[in-house]
Amino acid sequence: MTESPTVTNLGPASAVTSTSVAEQVGDRIWTITSGVSPVQVGAFDPVSKTVDRKFSLPTGAGAWAMTHLGTDLYIGLYTPGDVYRVDTTTGTATKVTQFGSFIWSIAATPDGKIVAGTYPDGAVHEYDPATGATRSYGAAVAGEQYVRSIAADATTIYAGVGTKAHLIAIDRATGERRDVLPAKYADRTFVATLALDGTKLAASLSPTGTMLVFDTADLSNPVEVQTPGGDQYITAITIDGADIYLGTRPSGTLYRYRDNALTRLGSPYDGAYFNRIFVNGSTIRAELTSQVVDFDEATGEFTGTDLGQAGLPPAPEQAMAIAATPTSVLVSGKAGIQVHDLATGASTRTFLPGEAKTLTPIGRDIYLGVYTLARLWQMKPDGADLHELGQIGNEQTRPTDAAYDARSRTWLISTEPDYGKYDGTLVEQHLSTGQREVHRGVVPQQSVRSVTTTDGIAYLGGATRNSLGTDPILPEATVVAYDLRRNKTLWETAPLSKAQSYSDLVVYRGRLYATTDDGRLAVLDPRTGKLVNSATLGTTQSRLTIARSGLYGTDNNRVLKITPALTITTVVDGLGAQIYSYPLITTSPNGDALYTIKGRDLVRIGGLR
């Protein structure tokens with residue numbers, strides 16, 4: 001019997017106003033959206049609390065980098081790494097150069113040039129607005145991919161590097177360089193944030209939430225400032241005379257460093273991400289993910305303006321995860337969860353301080369695996385009662401997949417480690433007791449890309465790339481069966497030659513189905529790991545789901561049906577899904593429909609047979 005599906009468009013899957021950078025030029029705070037297309041540049045007026053100038057750029061998926069020279073704003077984009085000059089007096093934008101695919105950091109020099117740090121070449125570049133000439137200083141550190149932060153004075157460029165932390169001082173005239181980060185900090189992952197004022201250089205180190213304050217006249221003996229309370233990141237630093245202001249994560253706290261003492265000023269909300277801190281006389285102001293907030297030191301209170309309501313409205317973004325309940329479909333993105341009410345067709349958004357990479361319906365709740373810091377959260381299907389359960393720790397930052405083992409009432413999460421680190425984990429979050437078990441390295445020398453479970457056995461798909469900034473140790477990825485009750489590996493196998501990642505796993509009709517990142521499908525005996533059959537689905541990774549009428553999958557362009565005999569048919573074509581990372585598809589709780597992404601819209605596929 002042939003399929004006769006019906007495809008219903010439910011509107012934008014996830015819509016957001018999300019920013020990652022800001023710069024003050026004159027009396028306006030300029031910012032730019034990320035993860036939406038096209039990106040929107042906006043100027044926020046702190047007096048009227050409105051975005052009174054706004055325009056789009058023709059290229060780029062977003063920005064992490066801004067600086068200015070006089071009234072000219074310079075924006076460094078990612079995908080591609082275009083540099084735009086914005087004349088803030090007229091609001092006109094001109095592309096002036098391009099530095100690779102991703103600009104992480106940008107700064108202005110005292111003599112009127114622009115310097116930038118890039119990924120994945122980990123390089124430092126310079127642009128001269130007066131002549132249009134560019135110069136490349138090459139990789140800051142051979143083998144490192146990220147220049148996450150940058151600053152410059154008349155003679156020297158300072159480049160903050162990761163995934164193995166370095167602070168490189170580059171002579172602007174000769175290109176000669178030296179690492180000025182003291183050796184005792186070599187175990188850190190990033191010099192992630194830099195601020196320079198006169199001869200005072202402040203640098204943040206991840207993942208320990210440490211700030212070093214250097215005197216550029218003598219870089220050999222920085223002062224260490226350690227933020228308290230387990231914060232791992234300092235996302236913004238501003239030097240104001242003798243004072244240094246800094247914002248931390250995950251707590252979302254604003255601090256002031258003065259007279260060798262660190263003072264907690266407050267937090268606008270739990271998990272606030274400070275993009276930039278501005279000090280104008282007695283006014284302390286910060287631009288966050290989707291807000292601009294003012295801090296009143298006398299009362300210790302923050303007052304905020306939502307940028308969406310101020311005139312930088314939400315736009316459809318690239319979705320990250322999807323889940324279906326009897327009453328709603330949930331789609332995650334940057335800093336929030338979009339809740340699609342199936343009864344009314346309405347769509348609302350629940351704010352989340354992070355990005356939910358996994359959404360798992362269990363009973364009457366949704367469980368979330370959140371990037372960064374591999375945080376675990378819980379909420380209701382309507383977006384209510386969102387609260388954090390804890391963090392996975394163990395140098396893990398990115399949940400990659402999740403499943404529920406009904407036999408033991410255990411929520412399972414697979415993870416990828418922090419930048420530059422090795423060995424992912426399988427996490428058992430026991431819902432009956434609240435206890436958490438973290439099994440690191442259960443898929444040896446790999447991150448854990450996918451997980452499924454049945455009858456107390458977890459099946460795990462590995463990925464040879466442990467984390468961003470690392471090189472594979474193994475030549476091919478493996479699949480592991482792990483007994484949850486005995487905490488014991490039952491078998492490990494590499495079923496398909498040269499596979500680098502097992503994108504998804506499901507158990508269907510007594511067989512374990514595993515998809516690879518290069519479009520192949522392996523069918524295994526779940527008892528032994530023996531390869532029973534294989535097929536080619538396409539050329540890229542696929543996500544699988546089980547409906548009442550059979551096994552389905554998507555590769556972002558089409559929805560496929562896969563029979564036990566490995567007959568593969570196209571059910572829906574032409575999706576062109578614009579998702580953040582991995583293909584997204586899920587099944588309604590009663591199994592009669594699929595939900596997936598078409599373009600940036602959520603669609604329901606019914607009429608399955």
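Here's what I pulled together on the structure shown here. Keep in mind that this is a model prediction, so the values were computed, not measured. Within any chain, residue numbers begin from 1 and follow the written order of that chain's sequence. Since the coordinates come from a predicted model, pLDDT governs what is reported: local features require at least 70, and pairs of side-chain atoms require 80 or more to be given and counted, while whole-chain, interface and lining totals use all residues. No hydrogens and no water enter the side-chain calculation; it runs on all heavy atoms of the structure.

It is worth spelling out the overall build of the chain at this point. Each helix and strand counted, the chain has one helix and 56 strands in total. Overall, the C-alpha framework of the chain stretches about 70 × 50 × 50 Å when taken along its three principal axes. Type-normalised accessible area, obtained with a 1.4 Å probe on protein chains alone, sets the label of each residue: buried when under 20%, exposed when over 50%, and partly exposed for intermediate values. By residue count, 60% of the 609 residues in the chain fall in the buried class. Contacts: residue pairs with any heavy atoms within 4.5 Å of one another. Residue pairs in contact within the chain that sit at least 24 positions apart in sequence constitute 45% of those at least 6 positions apart. Total accessible area on the chain stands at roughly 22,600 Å², and carbon and sulfur atoms take up 47% of it. Under the convention used here, Asp and Glu are negative, Lys and Arg are positive, and both His and the chain ends fall outside the count. For the purpose of locating charges, the reference atoms are NZ of Lys, CZ of Arg, CG of Asp and CD of Glu. Averaging the positions of the 53 positive and the 61 negative side-chain charges in the chain gives two centres separated by 7 Å. Helix and strand assignments follow DSSP, with helices taken as H or I runs no shorter than four residues and strands as E runs no shorter than two, numbered in order from the N terminus. For accessible areas, the Shrake-Rupley method is used with a probe of radius 1.4 Å. Any residue's cover is judged against the shown protein chains and nothing else.

Taking strand neighbours across the sheet as the criterion, the six strands line up as S32-S33-S34-S35-S36-S37 in an open arrangement whose pairing is antiparallel. The sheet is open, and its two borders are formed by strand S32 (321–324) and strand S37 (387–391), each paired with just one other strand. Taken pair by pair, the neighbouring strands of this sheet meet at an average axis angle of 45 degrees, ignoring direction. Here, strands pair whenever DSSP counts at least two bridges between them. Two elements, strand S35 (residues 365–371) and strand S36 (residues 375–379), share five bridges in a ladder whose sense is antiparallel. Bridge pairing links Val370 to Arg375 in S36. Angles shown run from 0 to 180 degrees and are taken between the N-to-C directions of axes, each axis being a line fitted to C-alpha atoms and, for helices, limited to the stretch in contact.

The subject of this paragraph is the environment of Pro316. With respect to the helices, strands and loops of the structure, Pro316 is situated in strand S31 (residues 315–316). In this structure Pro316 comes out as partly exposed when scored by relative accessible area, which is 31%. Separated by 209 residues in the primary sequence, Pro316 and Ala107 have C-alpha atoms spaced 30 Å apart. Dropping the residues within four chain positions of it, Pro316 is found in contact with Pro12, Ser14, Ala15, Gly35, Val36, Ser37 and Arg600.

Glancing now at the side chain of Ser414. With respect to the element layout, Ser414 can be found in strand S39 (residues 410–417). In this structure the side chain of Ser414 is engaged in a polar contact, spanning 2.7 Å, whose partner is the side chain of Thr400. Whenever a nitrogen or oxygen atom comes within 3.5 Å of another N or O atom, the pair is scored as a polar contact, on the condition that within protein one atom can donate a hydrogen and the other can accept it, and that pairs from neighbouring residues in sequence are kept only if both atoms are in side chains.

Let's shift gears to the pairing of S32. Judged by which residues are buried, S32 turns out to be covered on both faces: Ala321 and Ala323 on one side and Ile322 and Ala324 on the other are all buried. Linkage of S32 to strand S33 (residues 328–341), two consecutive antiparallel strands, is achieved through a turn of three residues.

This brings us to the sheet that holds strand S6 (residues 50–56). Reading across the sheet, the four strands line up as S3-S4-S5-S6 and stay open at both edges, with antiparallel pairing between neighbours. The sheet terminates laterally at strand S3 (19–25) and S6, the two strands that pair on one side only. Here the average twist between neighbouring strands, direction ignored, is 25 degrees. Summarising the sheet, strand S4 (residues 28–33) and strand S5 (residues 40–45) pair through four bridges and their orientation is antiparallel. Looking at S5, one finds that Trp30 is bridged to Ala43.

Glancing now at the pattern of salt bridges. Here, a salt bridge means any side-chain nitrogen of Lys or Arg that lies within 4 Å of a carboxyl oxygen of Asp or Glu. Inspection of every chain in the model, using the stated rule, returns 30 salt bridges. Between Asp294 and Lys49 there is a salt bridge, and its shortest N-O distance comes to 3.3 Å. Here the residue Asp294 occupies a position in strand S29 (residues 291–296), and Lys49 occupies one in the loop between S5 and S6, the gap between them amounting to 245 residues. By relative accessible area, Asp294 is classed as buried at 16%.

Attention now moves to the packing of aromatic side chains. A pair of Phe, Tyr and Trp rings is counted when the ring centres sit within 6.5 Å of each other, with Trp represented by its six-membered ring. The angle between the planes then sorts it: under 30 degrees is stacked, over 60 is edge-to-face, the rest tilted. Per the counting criterion, the structure on display carries 17 aromatic pairs. Judged by centre distance (5.0 Å) and plane angle (85 degrees), the rings of Phe190 and Tyr419 are edge-to-face. Taken together, the residues Phe190 in strand S19 (residues 190–197) and Tyr419 in the loop between S39 and strand S40 (425–430) connect sequence positions 229 residues apart. Considering the side-chain rings of Phe295 and Phe302, the 4.9 Å spacing of their centres and the 45 degrees angle between planes classify their relative orientation as tilted.

Attention now goes to the pairing of strand S52 (residues 559–562). Covered by surrounding structure in S52 are Val559 and Lys561 together with Leu560 and Ile562, the residues of both alternating faces. Relative to S52, strand S51 (residues 550–554) is paired through four bridges, and the arrangement is antiparallel. Considered in S52, the bridge of Tyr552 is made with Lys561. The loop that links S51 with its antiparallel partner S52 comprises four residues; one of these, Asn556, has a positive phi angle of about 85 degrees. Pairing geometry for S52 and strand S53 (residues 568–572), over four bridges, is antiparallel. Paired with Val559 across the bridge in S53 is Val572. Between the end of S52 and the start of S53, which pair antiparallel, lie five residues, with Leu566 showing a positive phi angle near 65 degrees.

A cis amide bond links Ser37 to the next residue, Pro38, at an omega of -5 degrees. Relative to the helices and strands, Pro38 is located in the loop between S4 and S5. Cis geometry is adopted by the peptide bond preceding Pro207, which originates at Ser206 and carries an omega value of 0 degrees. Mapped onto the elements of the fold, Pro207 is located in the loop between strand S20 (200–206) and strand S21 (210–215). Positive phi outside glycine occurs at Asp259, with the angle close to 50 degrees. Along the chain, Asp259 falls in the loop between strand S25 (253–258) and strand S26 (261–266). Under the relative-accessibility criterion, Asp259 is labelled exposed at 69%. Of note in this structure, Lys498 is not a glycine but carries a positive phi near 65 degrees. Assignment of secondary structure puts Lys498 in the loop between strand S45 (488–493) and strand S46 (502–508). For Lys498, a relative accessible area of 64% puts it in the exposed group.

Turning next to the environment of Asp27. By the element assignment, Asp27 lies in the loop between S3 and S4. For Asp27, the contacting residues outside a window of four places in its chain are Phe44 and Pro46. In terms of polar contacts, Asp27 uses its side chain to reach the side chain of Arg28, at 3.1 Å.

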